[in-house]
Amino acid sequence: MTEIPTGTVTFFFSDIEGSTKMLQRLGPGYPPVLQRHGEIVRSALDEHGGIELGTEGDSFFAVFRTAREAVEAAATVQRRLAAEAWPDGGTVRVRIGLHTGEGVLGAANYVGLDVHRAARIAAAGHGGQVVVSDTTKTLASDAAVIDLGIHRLKDLEEPEHLYQVVITDLPASFPPLRSLDARPNNLPTFTTRLVGRDEETAQLLELLEDHRLLTITGIGGIGKTRLAINVAAAALPRFTDGAFFIDLSSVTDASLVLPAIASELHVDESEPGGVGRALGSGTRLLVLDNFEQVVTAAPTVGELLAAATGVRVLTTSQVPLRIGGERVFRLDPLATDGDGDRGARPAAVELFAARAAGADPTFSLTDHEEEVNELVAALGGLPLALELAAARVNVLTPAEILERLAKDSDLLATRAADAPVRHRSLRAAIAWSYELLSPDQRSTLRALTVFRGGAAMAALEAVVERPAIDDLAELVDRSLVTTTTASGKRFDLLESVRHFAAAESDPVETAGWRQRHTDYFVELGCTAEKELVGNRVDWWLAALADEHENLQATMGRLLEAHDVERGFDLLGRTWRYFQGAGRLGEAALWLDRFFQLARPEPSPSAPLARALMARGAVAYWRGQFDGAATDYRRAVDVSVEVADRHLEADAWYGLGTSLGNDGRLEEGDAALNRAREIYEEVGDTEGEASVLVAGAFSTAATEGLAAVVPLLEEAAGLWEASGRPVQASQTYLSLAGAALDAGDFSKARSIALHGLDLAGQAGDRFGAAWALEWVAAALVAMGDVETGALLAGAVAAAQERMGADWTAMKMGIDDARDRLVATLGEAEADRAMEGGSELSLEEAAEIARGTA
């Protein structure tokens, strides 16, 4: 029998996230999955010296003699679980917690607080995540970790500083820990720890207690953003409604600051007071990053703070906002001189050493300490300069880096005589890296300056008119270009690098890049028009969200060039994106600017007709049906003048729906009939189906839902025949609503499940959530209150995440919560729904299909 160690040991706890739900999904297929999971965990424990102490269901308790072995075992478990070919609905996601402490044996096992602490750390994590305590992280010193901050754990008085182990080739992004401090937030996380800013963090946290507006100022590259995020994460427990990061680096128009804030918070962006009222009295922290380029929007921040008394704002800016109540915190470079009394190394040296070790694992500070001290002094203690220089230790020693910087003294001399040395040092570091590039790599770096919010590969290559993949690979390796992965890989510049590259750009080449950038995104809008009503609408919404700042830049250039026609065309083709992204207010703003530019009266054209319909659509989805009808009626006239029958049909359709919702049913029906005639004439079956659905809702208003079932059935068939599962799904869901209204709950569930399948095929999460709403309502009505409540909870959580609402689509039919309240009472209904709040849409869909 293996001897159980005592003394300093590392405790290992793991369990399967969502095992109960998996059991419900798999039924008889669950035991083989559980067995395979056990085999994988045990093999990893054995290979790395772990001693299994107990299992219960899907959980494991083990102990290791060293923290390093425990971390290696945990990483092995996660890699093997991720590589396993699990059955559908049976993917195993395990959360693992590690804590190093005193191994005290009781009668048959370990006893003491350290065991409980390890168990609570594991319970705070998520499937696929390895969470470790500060002691484990310190003893497993070579493990790559993400600092998750300080958390209070259930039943433990003392808080714990927790870290996430970074496992190569596995996801590193997870929701906030399930600790007592968990709060809503979108704060970015980092794979490297913040070095040398403990004192500043403590000072800012104290200031944040007494000041509602706190601004961190300092030069570019000094680390304002990273520090602000660190402070927000540490302060998160104070704010019951969370902390939210709003990146303004790509916003150059002060009027777009409020829409950017509102978009992150999913509230109305019409005015500061409106945003404030929407936020209510809850406590929130807003981090407004890179405010210096929109500092004229400072009064808007003041108005927002006045309207939302529970909100505090932490801004980063190279200049103060200069409004009442602001407390400015000047951020200095990292110290380059050590604390001789305590023998502590300078913070700048610590940062350089940490990043150098990341670039070259063989790097040893003790072998190069003197030259590193000289180097960090030459770089002025600026974090960005230090990180750029540290990235080169894989090819040069610190002495060689310092020598190269010395040779560039002429470059430093070209800067203004009154510029601070640290500014010149930052430029020297960037310039040095820039000089190592090939001509094409330099050109690619400069071309990135015309993009806002990053660039996709295809867009960048269209601008530079050549392949750019090799250039980008080198630029990323040299830390001059950053990467993110959203709907696809994207490439961007740190602001200090952007300013440098822009200064190096030739005006003629920049003009060419800007023109090709504009052409590319105008063409992208043309492509997106049909895709936004097609099978891949979710993908396109995500892709256009990635390009939002580039679309803004494009429209800004079109305004500057007085190119009204292309501005009208771009907005007319992309308004559905602005609707889906919750940015109708911004769409209205751009439309208003182009219409003002076109005064007194724009010439009739197809782009004008599209822009009128876009403005009409914005008014429609804001409930301003009379204004919408005015724009659609004008769009009809313009379409007739330019002899575009398809645009004319679309304009008649928009006019009909607007009039109908405005209570003018006869006029609306006449307009819809005219639209259908033209759709039939041009052979647009999708347009015909749209008219049928709109007509059905009009008829339902006067004759009831039963009267429109044949119309909806015909429309659903047309949508399926034309290969449009999104529209077919939503039409079937209207039919499911009619069945609910008629009391045929089994039929309603069956139709809703068919709609769910169609939504799944198209990746339509909005339609999937709506389908699950009707399945839940049907189940509650049929007496399966427990499952109905579970699904209703999942739907409510999905609505909140998406900022979605389908009140108008319910046609007055009671939803699942209404039926639960009628059955259980309001308080009990809400409690019953809580169990589904952590289900993903995919998990909820599997449960729903299991009820058929």
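Residues numbered from 1 in each chain as written. Predicted model: local features only at pLDDT ≥ 70, side-chain atom pairs only at ≥ 80, totals over all residues. Heavy atoms only, no water.

**So, the overall build of the protein chain**
Per the secondary structure count, the protein chain includes 38 helices and 16 strands. Over its C-alpha trace the protein chain gives a radius of gyration of 30 Å, about what one expects of a compact globule, namely 29 Å for 852 residues. Once the C-alpha set of the protein chain is aligned to its principal axes, its extents read approximately 90 × 75 × 50 Å. Within the protein chain, the fraction of its 852 residues that count as buried is 50%. Summarising the internal contacts of the protein chain: among those between residues at least 6 apart in sequence, 72% fall at separations of at least 24. When the accessible area of the protein chain is evaluated, it comes to approximately 36,500 Å², of which 49% is carbon and sulfur surface. Of the side-chain charges in the protein chain, 77 are positive and 127 negative, and the distance between the mean point of each set is 2 Å. (Helix = DSSP H or I, 4+ residues; strand = E, 2+ residues; numbered from the N terminus. Rg over C-alpha atoms; globule rule 2.2 N^0.38 Å. Buried < 20%, exposed > 50% of the residue type's maximum accessible area, 1.4 Å probe, protein only. Contact = heavy atoms within 4.5 Å. Areas by Shrake-Rupley, 256 points an atom, 1.4 Å probe, with all protein chains shown as cover. Lys, Arg positive; Asp, Glu negative; His and termini not counted. Charge placed at Lys NZ, Arg CZ, Asp CG, Glu CD.)

**Details of the sheet that holds strand 12 (residues 311-317)**
Through backbone hydrogen bonds, the strands of a sheet pair up, either in parallel or in antiparallel fashion. Strand order in the open sheet formed by 5 strands is 10-11-12-9-13, with parallel pairing between adjacent strands. At either margin of the open sheet sits one strand with a lone partner, and together these are strand 10 (243-247) and strand 13 (326-330). Shown here is a sheet whose adjacent strand axes are inclined to one another by a mean of 20°, direction ignored. With 5 bridges connecting them, strand 11 (residues 284-289) and strand 12 associate as parallel partners. Considered in strand 12, the bridge of Leu 288 is made with Thr 315. Contacting strand 10 and strand 11, helix 8 (residues 257-265) runs over the sheet at an angle of about 140° to strand 10. Of the strands in this sheet, strand 9 (213-217), strand 11 and strand 12 touch helix 10 (residues 298-307), which is tilted by about 160° from strand 12. (Pairing = 2+ DSSP bridges. Axes fitted to C-alpha atoms, helices over the stretch in contact; angles between N-to-C directions.)

**So, the sheet that holds strand 14 (residues 455-456)**
An order of 14-16-15 is seen for the 3 strands of this open sheet, with the pairing classed as antiparallel. The open sheet terminates on both sides in strands that have one partner only, identified here as strand 14 and strand 15 (482-485). Pairing geometry for strand 15 and strand 16 (residues 489-492), over 4 bridges, is antiparallel. From the neighbouring strand, Thr 483 faces strand 16, where its bridge partner is Phe 491.

**Quick look at the nonpolar core**
Judged by nonpolar contacts, the single largest core of 102 residues is most densely connected at Leu 286, Phe 291 and Leu 445. The leading source of residues in this core is helix 26 (residues 606-621), at 10 residues. When residues no more than four places from it in sequence are discounted, the contact partners of Leu 286 are Phe 244, Ile 246, Ile 261, Leu 265, Leu 304, Val 311, Arg 312, Val 313 and Leu 314. Listed in part, the 55 residues of the second largest apolar core include Ala 739, Ala 748, Ala 778 and Ala 794. (Core = buried A, V, L, I, M, F, W, Y, C linked by side-chain atoms within 4.5 Å.)

**Digging into the pairing of strand 10**
By the criterion of burial, strand 10 is predominantly enclosed, with 4 of the 5 residues buried. When strand 10 meets strand 11, the two strands line up parallel, connected through 5 bridges. Its bridge partner lying in strand 11, Asp 247 is registered against Asp 289.

**What to know about the side chain of Ser 505**
Mapped onto the secondary structure, Ser 505 falls in the loop between helix 20 (495-504) and helix 21 (507-531). Separated by 2.9 Å, the side chain of Ser 505 and the backbone oxygen of Ala 501 make a polar contact. Once residues lying within four places of it in the same chain are set aside, the contact partners of Ser 505 are Arg 446, Thr 449, Thr 510 and Trp 513. (Polar contact = N/O pair within 3.5 Å; in protein donor to acceptor, adjacent residues only side chain to side chain.)

**A word on the packing of aromatic side chains**
Applying the stated rule across the entire model yields 12 aromatic pairs. Ring centres of Phe 11 and Tyr 110 lie 5.1 Å apart, and the angle between their planes is 80°; this geometry places the pair in the edge-to-face category. Of the two residues, Phe 11 is situated in strand 1 (residues 7-16) and Tyr 110 in strand 5 (residues 110-111); the sequence distance between them amounts to 99 residues. Phe 11 gets classed as buried once you look at its relative accessible area, which sits at 0%. Of the residues examined, Tyr 110 reaches a relative accessible area of 6% and is grouped as buried. (Phe/Tyr/Trp six-rings, centres within 6.5 Å; stacked < 30°, edge-to-face > 60°.)

**Considerations on the pattern of salt bridges**
Applying the stated criterion across every chain yields a total of 40 salt bridges. For Glu 209, the salt bridge goes to Arg 238, with nearest N and O atoms at 3.6 Å. In this pair, Glu 209 is assigned in helix 6 (residues 198-210) and Arg 238 in the loop between helix 7 (224-235) and strand 10, connecting sequence segments 29 residues apart. A salt bridge links Arg 516 to Glu 465, with the nearest nitrogen and oxygen atoms 3.7 Å apart. Of this pair, Arg 516 sits in helix 21 while Glu 465 is found in the loop between helix 18 (457-464) and helix 19 (469-477), placing the two residues 51 residues apart along the sequence. The exposure class assigned to Glu 465 is exposed, which follows from its relative accessible area of 58%. (Salt bridge = Lys/Arg side-chain N within 4 Å of Asp/Glu carboxyl O.)

**Quick look at the pairing of strand 11**
Most of strand 11 is tucked away, with 6 of its 6 residues classed as buried. This β-α-β element, strand 11 to helix 10 to strand 12, shows right-handed connectivity. (Right-handed = clockwise from strand over helix to strand, strands pointing away.)

**A look at helix 10**
Within helix 10, the full set of buried residues consists of Ala 298, Val 301, Leu 304 and Leu 305. In a view along the axis of helix 10, the buried residues occupy a sector of 115°, so they form one face of it. (Arc of directions from axis to C-beta.)

**Thoughts on the packing of helix 6 against helix 7**
Between helix 6 and helix 7, the shortest axis-to-axis distance is 10 Å and the interhelical angle comes to 60°. Considering the angle they form, helix 6 stands oblique to helix 7. Handedness of the crossing formed by helix 6 with helix 7: right-handed. Judged by residue contacts, Glu 200, Thr 201, Leu 204, Leu 205 and Leu 208 of helix 6 engage Leu 227, Asn 230, Val 231, Ala 234 and Ala 235 from helix 7. Here the residues of the contact of helix 6 with helix 7 sort into 7 nonpolar, 2 polar and 1 charged. (Parallel < 35°, antiparallel > 145°, perpendicular 65-115°, else oblique. Left-handed = near helix turned anticlockwise from the far one by under 90°. Nonpolar A, V, L, I, M, F, W, Y, C, P; charged D, E, K, R; others polar.)

**A few points about the environment of Leu 334**
Within the secondary structure, Leu 334 is located in the loop between strand 13 and helix 11 (347-359). Looking at Leu 334, the relative accessible area reads 5%, which means it is buried. Here the alpha-carbon distance between Leu 334 and Leu 460, two residues 126 residues apart in the chain, equals 35 Å. Beyond its immediate chain neighbours, meaning those up to four positions away, Leu 334 contacts Val 195, Gly 196, Arg 197, Ala 347, Ala 348, Leu 351, Gly 381, Pro 383 and Leu 386.

**Focus: the confidence of the model for the protein chain**
Chain-level statistics for the protein chain give a pLDDT mean of 85 and a share of 92% at 70 or above. Under a pLDDT of 50 for its full length, residues 409-424 has, in the predicted model, 16 contacts with residues more than four places off or in other chains. (pLDDT = per-residue confidence, 0-100.)

**Quick word on unusual backbone geometry**
Most of the time, phi is negative for any residue but glycine, and the peptide bond is trans. Of the consecutive residues Arg 599 and Pro 600, the connecting peptide bond is found in the cis state with omega at 10°. Topologically, Pro 600 is positioned in the loop between helix 25 (584-597) and helix 26. Of note in this structure, Asp 169 is not a glycine but carries a positive phi near 70°. Turning to its location among the elements, Asp 169 is positioned in the loop between strand 8 (160-165) and helix 6. Look at His 562: it is not a glycine, yet its phi comes out positive at around 55°.

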